[in-house]
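# Examination of the molecular architecture
Here's the letter readout for the chains.
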Amino acid sequence: MENERKATREGYGDALLELGKQNKNVVALDADLAKSTKSNKFGKQFPERFFDVGIAEQDLIGTSVGLSITGKIPFASSFAIFICGRGYEPIRNALSYSSFNVKLAGSHSGLMTGEDGATHQCIEDISLMRVIPTMKVIQPLDYWEAYSAVFKMSELNGPMYLRLCREKSPVFFDSNYEFELGKSNILMEGKDASIIGCGPILENALIAAELLKEKNISVEVINMASIKPLDEKQVLNSANKTGLIFSLEDHSILGGLGSSISEFLSSTKPTKVVRIGVPDLFGESGKPKELWHKYGLDAESIMKTIELNLKEK
Amino acid sequence: MLLKETELKKLANKVRIHVLKMVFSAQSGHIGGAFSSTEMLVSLYFHEMNFNPKKPDWSERDHFILSKGHACAAQYACMALAGYFSENELMTFRKLNSRLQGHPAAHDLPGIEASNGPLGFGLSIANGIALGKRLDKINSFTFVLMGDGELQEGMIWEAAMNSSQHKLNKLIAFVDWNNLQIDGKVSEIKEVSPISKKFEAFGWNALECNGHDFNELISAIQKAKQSKEKPTVIVCKTIKGKDVSFMENQCDWHGVAPNQEQFDKALNELIIKGESLGK
């Protein structure tokens, strides 16, 4: 693991700026959070192609749909809770129903959002977006995966949601990395159990896996950035190989990546899936690491959960 | 060549007859609001709007968004009469495998720009279209038709601020002001008037007219087209269920299909109305 730390939202902002230089059809929209989502980088460079609709997330979606009707490729961003929550019905009915070519980016997802508290920590967005037909859902692991995903999203037609985080997190990949929709990657090989997770919280999985190595427990760690479509082949491989799956996400255990994996395995290869995520509770103010500890998402908690379940295996 | 008023009136009558037959055949649909919007739609499709039914994606076209999507039976009838598809297809309305969905679906039917029905989306979408065309230096107009009850949706006012912020002078909005919504009178549930003053306060030009009078409608649209800086709203006073005596101003005719007896009576009234316009 490298020492460099950068937020996935930075990857979004930097990629959007670069994409804007390469493709004049790309436009960007925000709802008064451009400085936070980092879409302001695009806005400064291309003011004529940047639309800040103000504090109005439904209008953000509707305006993006209109722009896509004229052949533009709109990237619309806000905090995850506002774009997916306030914008939900327009996202479903005005955007996704007709599969318009609008790309959504929700920053400040998960407990990782920290001190702002429960109102700003979106722990339902994967669930909300995943159930919409035509919608694709991506949560990048790091800065470079976010960067690459932005370019990939611009090449593929239809609505997509990119889940981003505020806090700086480890950089795993480099500028040569290419994100592929529907494909995961193995961050660590292992044979006793599998952790399949998404987003920067996988740092905790890797720390837990290292700690478990010292106890002669071998855990594989999979980065499932493409949540929908899910990399079913890899999930099946893991189920066959280790027979014990732990999902990991900074998101509610209801409806997110863990649910998606469980739904898939229950009908293809029934396998124990332990969902590690935010319990069915709201978050609260605190430092990201404090919150992850309290809600059972830090490396130590992950390690304990794995040990406990291995004993029962 | 532009149609004369009598020809437009005959088209409006044909549209209403089609709507009645479509909703009767489907035994579901929205007659009241379709009838109150009919003259606005006919003014657009047969007098004011540039489009090519054979080339629905023509980039220079004027765009039209039916934000009050439940009135789509009237839009479908206009589209069929304008040549987008055959009049026979109208009878598939609201039935399985039809392109004529209960609320308009852009992916199903060429010529439908956006999917609407859930109220409140249309103005934002129209703003986006107008902004996109401005970027491409396309000078055509974008029209949007909203209901008066629909103005209770907050999203409309989010969008209204955006239209004026960006000086979308090529955007022309209609409000179908029939003062009825599903649960009763708009003025008794949540008053939306003074509509013109509200839009003016939001930075728009506002015009008012009788929404069933073609001369007034067309003159208002042509005036709106001259706007140099502001978007324009045309607030159209209308009658829900217009031209069928027992449906006029009855909110219960919002989303109910007629039975055989009601259908026969309504059709008869519309046929008589059509005959009065001459051959």
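In what follows, the structure referred to is the one given above.
Throughout what follows, the structure given in this document is the object of discussion. (Residues numbered from 1 in each chain as written. Chains lettered and ligands numbered in written order. Predicted model: local features only at pLDDT ≥ 70, side-chain atom pairs only at ≥ 80, totals over all residues. Heavy atoms only, no water.)

What follows is about empty space enclosed by the protein. The gaps of empty space that remain are located by a probe, the size of a water molecule, rolled over the atoms. All names here are of chain B. Here the structure, examined in full by the defined rule, presents 2 cavities of 30 Å³ or more. Quantified by volume, the largest cavity comes out at close to 80 Å³. What lines the largest cavity is simply Tyr-45, Met-49, Phe-51, Pro-56, Arg-61, Asp-62, Phe-64, Gln-75, Tyr-84, Gly-111 and Glu-113. Forming the boundary of the second largest cavity are Phe-64, Ile-65, Leu-66, Gln-75, Pro-104, Gly-111, Ile-112, Glu-113, Ala-114 and Asn-116. The dominant element in the lining of the second largest cavity, judged by the number of residues it contributes, is strand S1 (residues 63–66), at 3 residues. Class assignment of the residues belonging to the lining of the second largest cavity gives a composition of 6 nonpolar, 3 polar and 1 charged. (1 Å grid on protein atoms, 1.4 Å probe; cavity = no way out; pocket = protein on both sides within 12 Å on 5 of 7 lines; lining within 4 Å. Points joined across faces, edges and corners; volume = space filled by probe spheres on them. Helix = DSSP H or I, 4+ residues; strand = E, 2+ residues; numbered from the N terminus. Nonpolar A, V, L, I, M, F, W, Y, C, P; charged D, E, K, R; others polar.)

Here the focus is the interface of chain B and chain A. On the chain A side, the residues contacting the 26 residues of chain B number 24 residues. A per-residue breakdown of the area chain B buries against chain A is headed by Phe-121, Leu-135 and Glu-158 of chain B, which together make up 26% of the total. Taken together, chain B and chain A are joined by 1 salt bridge. Two residues, Asp-136 of chain B and Lys-72 of chain A, come together in a salt bridge whose shortest N-O distance is 2.6 Å. At the junction of chain B and chain A, the tally comes to 7 residue pairs in polar contact (both at pLDDT 80 or more). For the side of chain B that touches chain A, the elements supplying multiple residues, two or more each, are helix H4 (122–135) and helix H5 (154–165) of chain B. It is H4 of chain B that contributes the most residues to the side of chain B that touches chain A, 9 residues altogether. When grouped by side-chain class, the residues that make up the side of chain B that touches chain A number 11 nonpolar, 10 polar and 5 charged. (Contact = heavy atoms within 4.5 Å. Buried area = accessible area lost by both parts, 1.4 Å probe. Salt bridge = Lys/Arg side-chain N within 4 Å of Asp/Glu carboxyl O. Polar contact = N/O pair within 3.5 Å; in protein donor to acceptor, adjacent residues only side chain to side chain.)

Our focus in this paragraph is the packing of helix H4 (residues 57–69) of chain A against helix H6 (residues 88–96) of chain A. Residues and elements named next belong to chain A. Closest axis-to-axis distance for the H4/H6 pair is 9 Å, and the angle between their directions is 10°. In terms of orientation, H4 lies roughly parallel with respect to H6. Across from Gln-58, Ile-61 and Val-65 in H4, the residues of H6 making contact are Pro-90, Ile-91, Ala-94 and Leu-95. For the contact of H4 with H6, a count of residues per class yields 6 nonpolar, 1 polar and no charged. (Axes fitted to C-alpha atoms, helices over the stretch in contact; angles between N-to-C directions. Parallel < 35°, antiparallel > 145°, perpendicular 65-115°, else oblique.)

What the largest pocket holds in volume is close to 340 Å³. Lining the largest pocket are 20 residues, and of these Ile-69 of chain A together with Pro-56, Asp-57, Arg-61 and Glu-113 of chain B sit closest to its centre. Along the lines of polarity and charge, the residues of the lining of the largest pocket split into 8 nonpolar, 7 polar and 5 charged. In this structure, the second largest pocket encloses a volume near 270 Å³. Lining the second largest pocket are 19 residues; nearest its centre among them are Leu-119, Gly-149, Glu-150, Gln-181 and Ile-182 of chain B.

With that out of the way, let us pick up the packing of helix H1 (residues 5–26) of chain B against helix H3 (residues 72–82) of chain B. Residue and element names in this part refer to chain B. Relative to each other, H1 and H3 sit at 120°, their axes nearing to 9 Å. If you check the angle between H1 and H3, you find them oblique. Crossing of H1 over H3 shows right-handed handedness. From H1, Leu-11, Lys-14, Val-15, His-18, Val-19 and Met-22 reach across to H3, where they touch Ala-73, Ala-74, Tyr-76, Ala-77, Cys-78 and Leu-81. Here the residues of the contact of H1 with H3 are counted per class, giving 10 nonpolar, 1 polar and 1 charged. (Left-handed = near helix turned anticlockwise from the far one by under 90°.)

The next thing to look at is the nonpolar core. Counting residues in hydrophobic clusters, the biggest one holds 136 residues, and the most contacted among them are Leu-104 of chain A together with Tyr-45, Tyr-76, Phe-174, Phe-199 and Ile-234 of chain B. Setting aside residues up to four positions removed in sequence, Tyr-45 of chain B forms contacts with Phe-51, Phe-64, Gln-75, Cys-78, Met-79 and Tyr-84 of chain B. Membership of the second largest hydrophobic core comes to 65 residues, among which are Tyr-12, Phe-151, Leu-212 and Tyr-295 of chain A. (Core = buried A, V, L, I, M, F, W, Y, C linked by side-chain atoms within 4.5 Å. Buried < 20%, exposed > 50% of the residue type's maximum accessible area, 1.4 Å probe, protein only.)

All names here are of chain B. Across the sheet, 5 strands lie side by side as S1-S2-S3-S7-S6; this open sheet has parallel pairing. Each having just a single partner strand, S1 and strand S6 (205–210) make up the two edges of the open sheet. Taking each pair of neighbouring strands and ignoring which way they run, the sheet shows an average axis angle of 20°. As defined by bridge partners, strand S2 (residues 142–147) adjoins strand S3 (residues 171–177) across 6 bridges and the pair is classed as parallel. The partner of Leu-145 across the bridge, within S3, is Phe-174. Relative to S6, helix H8 (residues 214–224) is tilted by about 170°, and along the sheet it contacts S2, S3, S6 and strand S7 (232–237). (Pairing = 2+ DSSP bridges.)

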